[in-house]
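So the chains spell out like this:
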Amino acid sequence: MNITEPWSIVFAVGFVLYAGTRHHFEQKLKGVESVERNLDGIEVTLLALVLSGNILAPVVYLFSPWFDRFDHPLPHLVGASGAVVMAGSLWLFFRSHLELDRQWSVTLEIRKDHRIVREGVYRRVRHPMYAAVFGIGIAQALLLSNWVAGPAALISFAPLYLVRVPREEALMVAHFGDDYRDYMLETGRLFPRFTKRRPTPSSPPPPA
Ligand code: SAH
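Residues numbered from 1 in each chain as written. Predicted model: local features only at pLDDT ≥ 70, side-chain atom pairs only at ≥ 80, totals over all residues. Heavy atoms only, no water.

**Student:** For this particular structure, what's the right way to read the pairing of strand 2 (residues 108–111)?
**Tutor:** Where a strand is regular, its side chains alternate between the two sheet faces. Of the two faces of strand 2, the one holding Leu108 and Ile110 and the one holding Glu109 and Arg111 are both buried throughout. For strand 1 (residues 34–38) and strand 2, the ladder comprises four bridges, and the chain directions are antiparallel. Residue Glu36 lies in a different strand from strand 2, and its bridge partner there is Ile110. (Buried < 20%, exposed > 50% of the residue type's maximum accessible area, 1.4 Å probe, protein only. Helix = DSSP H or I, 4+ residues; strand = E, 2+ residues; numbered from the N terminus. Pairing = 2+ DSSP bridges.)

**Student:** I would appreciate a short explanation of the packing of helix 3 (residues 76–100) against helix 4 (residues 128–143) in the present structure.
**Tutor:** Packed helices, taken two at a time, are described by the angle their axes make and the gap between the axes. At a closest axis distance of 8 Å, the pairing of helix 3 and helix 4 adopts a crossing angle of 160°. When the axes of helix 3 and helix 4 are compared, the pair comes out roughly antiparallel. Like other packed secondary-structure pairs, helix 3 and helix 4 cross with a definite hand, here left-handed. Partitioning the contact of helix 3 with helix 4 into residue classes produces 18 nonpolar, seven polar and no charged. (Axes fitted to C-alpha atoms, helices over the stretch in contact; angles between N-to-C directions. Parallel < 35°, antiparallel > 145°, perpendicular 65-115°, else oblique. Left-handed = near helix turned anticlockwise from the far one by under 90°. Nonpolar A, V, L, I, M, F, W, Y, C, P; charged D, E, K, R; others polar.)

**Student:** I keep staring at helix 2 (residues 41–63) and nothing clicks. Help me out?
**Tutor:** Each α-helix winds once per 3.6 residues, and so residues spaced three or four apart point in a common direction. The terminal C-alpha atoms of helix 2 lie 31 Å apart, and with 23 residues this matches the ideal 33 Å at 1.5 Å per residue to within 8%. Along its length, helix 2 reaches its greatest deviation from straightness, about 35°, at Ser52. Turning to helix 2, the residues buried within the fold contact helix 1 (6–28), strand 2, helix 4 and helix 5 (149–176). (Expected span 1.5 Å × (residues − 1). Bend = angle between axes of the 7 residues up to and from the residue. Contact = heavy atoms within 4.5 Å.)

**Student:** Help me out: how do you make sense of the nonpolar core in this one?
**Tutor:** Inside soluble globular proteins, nonpolar side chains tend to come together where they are buried. Within the largest apolar cluster, 47 residues are counted, with the highest numbers of intra-cluster contacts made by Met86, Phe93, Tyr122 and Phe157. Within the residue set of this core, elements represented by two or more residues are helix 1, helix 2, helix 3, strand 2, helix 4, helix 5 and helix 6 (178–186). Considering every element that reaches this core, the biggest residue donor is helix 4, with nine residues. Non-local contacts of Phe157, meaning those with residues more than four positions away in its chain, are made with Val50, Tyr130, Val133 and Phe134. (Core = buried A, V, L, I, M, F, W, Y, C linked by side-chain atoms within 4.5 Å.)

**Student:** What should I look at first to understand the packing of aromatic side chains in this one?
**Tutor:** Any two aromatic rings considered together are summarised by their centre-to-centre distance and by the angle between their planes. Counted by the stated rule, this structure contains 10 aromatic pairs. Seen from their ring centres, Phe11 and Phe15 are 5.9 Å apart, and the 35° between their planes marks the pair as tilted. You can see Phe11 and its partner Phe15 sitting in helix 1, four residues apart, about one turn around the helix. When the centroid spacing of 6.2 Å and the interplanar angle of 70° are considered together, the rings of Phe15 and Tyr18 count as edge-to-face. (Phe/Tyr/Trp six-rings, centres within 6.5 Å; stacked < 30°, edge-to-face > 60°.)

**Student:** So what exactly am I meant to see when it comes to the environment of His97 here?
**Tutor:** By the element assignment, His97 lies in helix 3. A C-alpha to C-alpha distance of 22 Å links His97 and Gly53, two positions 44 residues apart in sequence. Among the polar contacts made by the side chain of His97, one reaches the side chain of Arg22 at a distance of 3.2 Å. (Polar contact = N/O pair within 3.5 Å; in protein donor to acceptor, adjacent residues only side chain to side chain.)

**Student:** Teacher, can you tell me more about the site of the ligand here?
**Tutor:** Around the ligand, 20 residues are found, and the nearest of them are Glu109, Val117, Tyr122, His127 and Glu168. A distance of 3.2 Å separates an oxygen atom of the ligand from a polar atom in the side chain of Ser105. At a separation of 3.0 Å, an oxygen atom of the ligand approaches a polar backbone atom of Tyr130. The fraction of the free accessible surface of the ligand (540 Å²) that becomes covered by protein chains is 100%. Of the pockets mapped on this structure, the ligand occupies the largest pocket. Within the residue set of the shell around the ligand, elements represented by two or more residues are strand 2, helix 4 and helix 5. If you tally residues by element for the shell around the ligand, the top one is helix 4, at three residues. Taken together, the residues of the shell around the ligand break down into 11 nonpolar, five polar and four charged. (Near = heavy atom within 4 Å. Areas by Shrake-Rupley, 256 points an atom, 1.4 Å probe, with all protein chains shown as cover. 1 Å grid on protein atoms, 1.4 Å probe; cavity = no way out; pocket = protein on both sides within 12 Å on 5 of 7 lines; lining within 4 Å. Sits in = over half its atoms within 2 Å of the grid points.)

Encoded structure:
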């Protein structure tokens, strides 16, 4: 039971804002039609893994003694860094939902009248929402003084990210073709890109 520790309280406040943001945008999307939805067993399994690292592990740590043997001391500087990372990541999480608007979905989907969002936090980064989730995972590791609950979100999100991103980019290329390919050249996946990459030829040049 660690919910009374100061850095755990900071984490819990951040967590409520995180879940509240998700819930708010989920409500806004009710009734928005999808024209394509890609959800298979791998995605469902990986999403369940994310829930266990993001929700189950912190809840067990905060409200039960089961993980107590894995507790470690938490220097104030580490906790304070966690609070800063949490605040920045929550801002990015909120902005990316706001700017993706009706294009957003928990699973891979193409909405009716879907368009490529290239503005705001999407101008230089293709996956700011996933960057924010990694950030919240880093904040969890810094704020929860426990070797299991701390890194659980980061460890559980990494496999979904690695499987999801190539699939998501392939889906976007299938629907938007060169417009999305061009957007890929202008942006980084998780970190901003400030110069445009040159396209790599997709097929070798014809023989002379
Ligand atoms: N990967 C993005 C979006 C996550 S939500 C991020 O991390 O910010 C997942 C959905 O967003 C996918 O189903 C895809 O259809 C849609 N999507 C991803 N990038 C998009 C973009 N730049 N414009 C419009 N829709 C996008």
